[in-house]
Amino acid sequence: MGGSTSKVDLDPVVPSGKIASEGNQREHPQHKKLSKLVRQQTKKDNDKLYFTKQLTVVVVGASGDLAKKKTYPSLLELYDLDYLPPSTSIIGYARSPYTNEAFRERVKPFLLKKKGISPGKVNRFLTMLTYMNGSSYNDEDAWGKVDEVISTMDESNSGNRLFYFAIPPTQFASAGSAIKAVAMSKHGNGWNRMVIEKPFGRDTESSATMSQEIGALFTEEQIYRIDHYLGKEMVQNLLVLRFANVFLEPVWSNKSVKCVIISFKENIGTDGRGGYFDEFGIIRDVMQNHLLQILSLIAMERPTRVAGEGYSDLVRDEKVKVLKCVKPLTLSDVVLGQYIADDENTQKGYLDDPTVPEGSNTPTYALAQFEIDNERWRGVPFVIKCGKALNERKADVRVQFKAPSDSTECFGGVGVPLNELVIRVQPDLAVYMKTNVKMPGFRNAPLMTEMNLSYNQNFKDVKVPDAYTRLILEVLRGQQAAFVRDDELHVAWKIFTPLLHEIEKGSIKPWPYKFGSRGPQEADEKMKTIYDRSAEYKYGGE
């Protein structure tokens with residue numbers, strides 16, 4: 001897509017010789033044609049990869065929360081963008097007994113929440129939905145009937161079939177066994193692809209067992225382990241940001257980088273889901289998967305290609321290589337916390353949730369310092385910190401650079417603030433570099449400001465797709481770079497399993513922190529030894 005962009009004649013927004021003045025926010029010079037360009041290129045790719053064949057999407061567990069809140073709305077978005085073939089059929093399968101009409105009414109309120117899609121288009125999408133049920137997820141008779149329905153829609157029986165497993169991981173193997181026996185496409189012309197959701201096990205052993213069970217049924221090329229964080233716009237942007245900007249590579253190593261901080265903050269607690277959360281804890285919930293994925297994209301070496309034919313395994317090969325260099329975590333590498341009620345007791349503590357086991361030591365906050373033992377990153381601390389019931393909702397990446405040599409002496413004893421590249425993943429997409437400029441006035445002193453790319457300001461006419469929408473499109477196109485491969489999963493669990501088993505012995509009590517705070521004070525103290533935080537600077541004048 002990058003090559004196509006460069007060939008398009010685009011008029012500048014700001015007249016030649018003029019610079020956007022104060023109060024006149026400069027827009028991206030391509031903004032008027034960018035949406036059209038994206039659609040044209042995406043449609044061209046789709047036509048080549050899957051659009052010319054009959055497509056059947058089977059949502060396994062169609063009556064559950066994940067399906068109605070994420071899977072079906074994402075399929076609607078693809079339909080609205082004309083990224084589903086005209087003859088697409090969508091079949092929901094679960095155990096609950098619904099008629100087609102009752103099921104459509106059940107899903108409809110969640111589809112109407114999609115912004116920018118008319119009720120009329122929602123109603124047309126609903127006519128594509130069929131619902132079928134069986135006594136269990138491994139009911140071969142019921143799956144045989146699903147296959148019969150698909151065959152009536154695809155008389156040549158050579159179309160493509162996507163099976164989306166919106167069910168608990170314990171059901172993957174049994175459902176997959178029945179699907180393989182009677183419901184897959186029988187001819188070699190069409191593909192069969194399986195999308196499965198995390199958690200992919202609880203530790204190295206359970207993950208390996210799950211991989212073996214799924215691997216006995218399907219090839220790795222058929223399996224798409226979905227981690228929705230890999231579909232987020234700014235996570236996808238890491239590859240382009242790193243490898244399409246020549247100025248970054250020379251400083252992207254321990255020679256110039258002081259530390260890398262990956263943060264994930266939620267301002268809500270478990271909200272009655274504490275019993276479910278307590279089975280996993282914050283490390284399994286977001287650190288071992290979502291945030292470790294970000295770490296691997298930041299730290300990996302440059303693949304031969306990050307787009308084009310055969311790029312998926314090239315990207316995943318490099319992720320596996322760098323994760324093999326990450327040392328397993330120990331208790332000394334982490335700070336664990338658990339939220340308690342706020343001062344007014346308006347927000348209850350984790351243990352106040354009646355669904356949480358009494359006296360649980362499950363952490364709702366974790367800070368972990370990772371060590372990557374390779375030539376590029378040896379000696380650079382990588383920190384992942386994540387938590388619930390914190391002071392804000394935010395996820396970002398901060399790459400803080402070392403001070404220029406002799407910088408204090410150079411500026412007459414005045415300290416020079418450290419440069420920092422910040423990638424904001426949510427809620428407001430942005431990339432900015434904390435940069436030093438001359439302080440206005442008569443002094444030659446450095447002042448920190450930022451070179452800023454705010455998506456809301458620069459790409460305001462371009463719709464950023466939902467992460468699930470993007471990833472389902474990647475499945476249709478057979479591009480697996482944004483999905484977790486079995487060997488990557490194994491290496492990732494090896495980093496965390498020793499620590500998780502130590503925590504589960506129950507002897508480690510997490511530090512308490514108040515609902516709505518920054519987290520445990522002990523975490524802030526540890527961060528002071530790693531990261532230089534500027535008390536005066538605030539992004540965008542916030």
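Scroll up for the structure.
Model, not experiment: these values are computed from the prediction.

Analysis parameters
Residues numbered from 1 in each chain as written. Predicted model: local features only at pLDDT ≥ 70, side-chain atom pairs only at ≥ 80, totals over all residues. Heavy atoms only, no water. Helix = DSSP H or I, 4+ residues; strand = E, 2+ residues; numbered from the N terminus. Contact = heavy atoms within 4.5 Å. Areas by Shrake-Rupley, 256 points an atom, 1.4 Å probe, with all protein chains shown as cover. Salt bridge = Lys/Arg side-chain N within 4 Å of Asp/Glu carboxyl O. Core = buried A, V, L, I, M, F, W, Y, C linked by side-chain atoms within 4.5 Å. Buried < 20%, exposed > 50% of the residue type's maximum accessible area, 1.4 Å probe, protein only. Phe/Tyr/Trp six-rings, centres within 6.5 Å; stacked < 30°, edge-to-face > 60°. Lys NZ or Arg CZ within 6 Å of the ring centre and 35° of its normal. Axes fitted to C-alpha atoms, helices over the stretch in contact; angles between N-to-C directions. Parallel < 35°, antiparallel > 145°, perpendicular 65-115°, else oblique. Left-handed = near helix turned anticlockwise from the far one by under 90°. Nonpolar A, V, L, I, M, F, W, Y, C, P; charged D, E, K, R; others polar.

Peer 1: It is not clear to me how the overall build of the chain should be interpreted in this structure. Could you clarify?
Peer 2: When its secondary structure is counted, the chain shows 17 helices and 16 strands. Residue pairs in contact within the chain that sit at least 24 positions apart in sequence constitute 78% of those at least 6 positions apart. Summed over its atoms, the accessible surface of the chain is roughly 25400 Å², and 51% of this surface lies on carbon and sulfur atoms.

Peer 1: Just to check I follow, could you spell out the pattern of salt bridges for this structure?
Peer 2: Opposite charge on two side chains permits pairing when their charged atoms draw close. In total, this model carries 33 salt bridges according to the counting rule given. One salt bridge in this structure joins arginine 376 and glutamate 301, with 2.7 Å as the shortest N-O distance. Of this pair, arginine 376 sits in the loop between β9 (365-370) and β10 (382-387) while glutamate 301 sits in the loop between α11 (281-299) and α12 (311-323), placing them 75 residues apart in sequence. A salt bridge links lysine 394 to aspartate 396; the nearest nitrogen and oxygen atoms lie 3.7 Å apart.

Peer 1: Would you mind showing me how to read the nonpolar core here?
Peer 2: Grouped burial of nonpolar side chains is what soluble globular proteins tend to show. Ranked by internal contacts, the top residues of the largest apolar core, which has 154 residues, are Tyr72, Trp143, Ile283, Phe370, Phe382 and Leu421. Filtering out sequence-adjacent residues up to four positions away, isoleucine 283 remains in contact with Gln288, Leu336, Ala366, Phe496, Leu499, Leu500 and Ile503.

Peer 1: What's the story with the packing of aromatic side chains in this structure? I'm lost.
Peer 2: Geometry of an aromatic ring pair is reported as the spacing of the ring centres plus the angle between the planes. Scanning the entire structure with this criterion turns up 20 aromatic pairs. Here the aromatic rings of phenylalanine 370 and phenylalanine 496 are separated by 5.8 Å at their centres, their planes lie at 65°, and the arrangement is edge-to-face. Taken as a pair, phenylalanine 370 in strand β9 and phenylalanine 496 in helix α16 (residues 486-504) lie far apart in primary sequence, 126 residues in all. Taking the relative accessible area as the measure of exposure, phenylalanine 496 reaches 0% and is therefore buried. Through a chain of ring-to-ring contacts, three or more aromatic side chains come together here, namely Phe277, Tyr339, Tyr350, Tyr365, Tyr513 and Phe515. Between lysine 232 and the ring centre of tyrosine 229, over which it is positioned, the NZ or CZ distance is 5.2 Å.

Peer 1: I tried to follow the packing of α12 against α16 on my own but got confused; where do I start?
Peer 2: Two numbers describe a pair of packed helices, the interaxial angle and the distance between the axes. In the contact formed by α12 and α16, the axes pass within 9 Å of each other and the chain directions differ by 20°. Classified by the angle their axes make, α12 and α16 are roughly parallel. Remark: the crossing between α12 and α16 carries left-handed chirality. On α16, the residues that touch Lys319, Val320 and Leu323 of α12 are Asp487, Glu488, Val491 and Ile495. Of the residues that constitute the contact of α12 with α16, the class distribution is four nonpolar, no polar and three charged.

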